[in-house]
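Understanding the architecture of this molecule
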Amino acid sequence: MEIFDLTIHELHDKLKAKEVSSVEATRAMLDRIEAVDGQVNAYITVTPEQALVEAEAADRRIAAGDIAPLTGIPMGLKDIFITKGVRTTCGSRILENFVPPYDGTAVAKLKEQGVVIVGKLNQDEFAMGSSNESSYFGPVKNPWNLECTPGGSSGGSAAAIAARTATATLGTDTGGSIRQPASHCSCVGVKPTYGRVSRYGVIAYASSLDQVGPLTRDVTDAAILLGAVAGYDPKDSTSVNTPVPDYLAGLKTGVKGLKIGLPKQYFIEGLDPDVKRAMDEAIALYKSLGAELREVSLPHTEYAVATYYLIATAEASSNLARYDGVRFGHRADEIRGLKEMYAKTRAEGFGSEVKRRIMLGTYALSSGYYDAYYVKAQKVRTLIMQDFLNAFNEVDVLLTPIAPTPPFKIGEKLADPLQMYLSDIFTIPVNLAGTCGISIPAGFSAAGLPIGLQLIGKPFGEATILSTAYAFEQETQWHLKKAPL
Ligand code: GLN
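Below: a short report on this structure. For clarity, every value in this text was computed on a predicted model and none was experimentally measured. (Residues numbered from 1 in each chain as written. Predicted model: local features only at pLDDT ≥ 70, side-chain atom pairs only at ≥ 80, totals over all residues. Heavy atoms only, no water.)

1. Let's talk about the packing of aromatic side chains
A full pass over the atoms with the stated rule returns 17 aromatic pairs. With a centroid separation of 5.5 Å and 35° between ring planes, the pair formed by Tyr102 and Tyr200 is classed as tilted. Of the two residues, Tyr102 is situated in the loop between strand E2 (74-78) and helix H4 (105-113) and Tyr200 in the loop between strand E5 (188-191) and strand E6 (211-216); the sequence distance between them amounts to 98 residues. With a centroid separation of 5.0 Å and an interplanar angle of 50°, the aromatic rings of Trp144 and Phe444 are classed as tilted. Separated by 300 residues along the polypeptide, Trp144 in the loop between strand E3 (116-121) and helix H5 (155-162) and Phe444 in strand E10 (residues 436-444) bring together distant segments of the chain. The same class applies to Trp144 and to Phe444, which are both buried. (Phe/Tyr/Trp six-rings, centres within 6.5 Å; stacked < 30°, edge-to-face > 60°. Helix = DSSP H or I, 4+ residues; strand = E, 2+ residues; numbered from the N terminus. Buried < 20%, exposed > 50% of the residue type's maximum accessible area, 1.4 Å probe, protein only.)

2. Structural notes on the pairing of E10
Taken across its nine residues, E10 has nine buried, putting it largely inside the fold. In the sheet, E5 pairs with E10 via three bridges, with the strands oriented antiparallel. Within the sheet, the bridge partner assigned to Lys191 lies in E10 and is Gly437. Bridge analysis of E10 against strand E11 (residues 450-457) gives seven bridges, and the strand direction is antiparallel. Considered in E11, the bridge of Cys436 is made with Gly457. Counting the residues between successive antiparallel strands, the hairpin from E10 to E11 contains five residues, one of them, Gly448, with a positive phi of roughly 85°. (Pairing = 2+ DSSP bridges.)

3. Side note on the environment of Met359
By the element assignment, Met359 lies in helix H11 (residues 352-365). For Met359, a relative accessible area of 58% puts it in the exposed group.

4. Focus on the site of the ligand
Near the ligand, the surroundings consist of 15 residues, among which Gly175, Ser177, Tyr205, Tyr308 and Asp424 are the closest. Contact distances for the ligand include 2.8 Å between a nitrogen atom and a backbone N or O atom of Ala127. Within the contact set of the ligand, an oxygen atom lies 2.9 Å away from a backbone nitrogen or oxygen of Gly129. Broken down by class, the residue content of the shell around the ligand amounts to five nonpolar, seven polar and three charged. (Near = heavy atom within 4 Å. Polar contact = N/O pair within 3.5 Å; in protein donor to acceptor, adjacent residues only side chain to side chain. Nonpolar A, V, L, I, M, F, W, Y, C, P; charged D, E, K, R; others polar.)

5. Quick notes on the nonpolar core
In a soluble, globular protein the nonpolar side chains are often hidden away together inside. Counting 109 residues, the largest nonpolar core has Leu110, Phe126, Leu170, Tyr286, Ile440 and Leu466 as the members making the most contacts within it. It is helix H7 (residues 219-229) that contributes the most residues to this core, eight residues altogether. Once you skip the residues sitting within four places of it in the chain, Ile440 turns out to touch Cys187, Val188, Val219, Tyr286, Ile451, Gly452, Leu453, Leu455, Ala469 and Phe472. Membership of the second largest hydrophobic core comes to 17 residues, among which are Ile33, Val40, Ala51 and Val118. (Core = buried A, V, L, I, M, F, W, Y, C linked by side-chain atoms within 4.5 Å. Contact = heavy atoms within 4.5 Å.)

Taken by themselves, the reported measurements are silent on function.
Shown next as structure tokens:
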């Protein structure tokens, strides 16, 4: 086992026992990035000098007997996280040279524990996408098959786990962007309840949907990392002031007597046969462990994608108005007057998917259409939320696929945005409802591509989905398989 193969908890034990130092672990990770990232393109920016300084500081801390669960662990961050003094692009040309003056809350919490940040990870531009192909910095390749996409938008964050170029990473999930790439790269990804993790210092895409969460090699690591970043933050007025449970301590609760719901709208005709088989096997396993499985209904599921693409684009059109060449990032040259500066800067700075979304969102918010589109979408969102609350009156957890198919080829869905949007059909409703979900490795297709399983929990039910996932992981080997890189 190489140092870069280890989980957070395995590396922590070795750091604590002084079998390895953080500098050694960090060097091993930087060498690994150097060796394989040329093929994967998971990193937009690698920060070797800073990482080694942080690793030395972590080693001093460990020598003094002060080790937290993440002290000295080499991590990568999706390039949507604002990092003090380190370029933060959000995958966009418009922020190509943007160096923020502060750290966001999640990053600051990691730094307090003494994490080593090895670099900033590739993503779809402004987190808009499901394949990482909209990044200005080029597509990310799936380490399980370099012709396939790793999913998106946190594609770099998931690919880095699979390529073993980070021990763990942070991503964000607005409509599936942690869970879907986790599924496509065979790692664990958690989308926490809206308000569980602070969004302060996270570049906004759709503010009523965005959440920060971990991507890791196993469920134990997800519990550790979620626990590290969760909690109330006065700097984010939507963060919720409820205590953060000890996720790690709760992992071994088991699933005996747990009521697991199977939403009938998620097990439809047209589900890929390999995905269907993986779900059937997971259902059988949970039954054998003593869980009670029953069908439930989420009747408004069919409206979720349309609702999401009105609300998310409306919020994006407003959030992205700030990129106009005045305060942040790129500004066009040779401009005559303010209006032309705005127009030229935005025309040059944004890619085509971002432009499409700004136009859609602006249209949905414009006078005369606002009631017909935006207000209607908000009403449907309430119905979708209600569906979940009704289901959770009957069951504790929902089990569904993450994506209708295994990872698809690079370029396959680029010509048809609607096909791309439909690949998030099973993850989007969770964001609209504001509740939590986890993706865990649940098998492989006949072609050897990863398949993920989703467990959806009640609002603030992260501890339950983590322990339900842990029970599955204990009985399966999927999370131990390594991408052939
Ligand atoms: N694929 C979805 C979108 O393009 C979700 C992205 C995300 O969760 N950031 O909006």
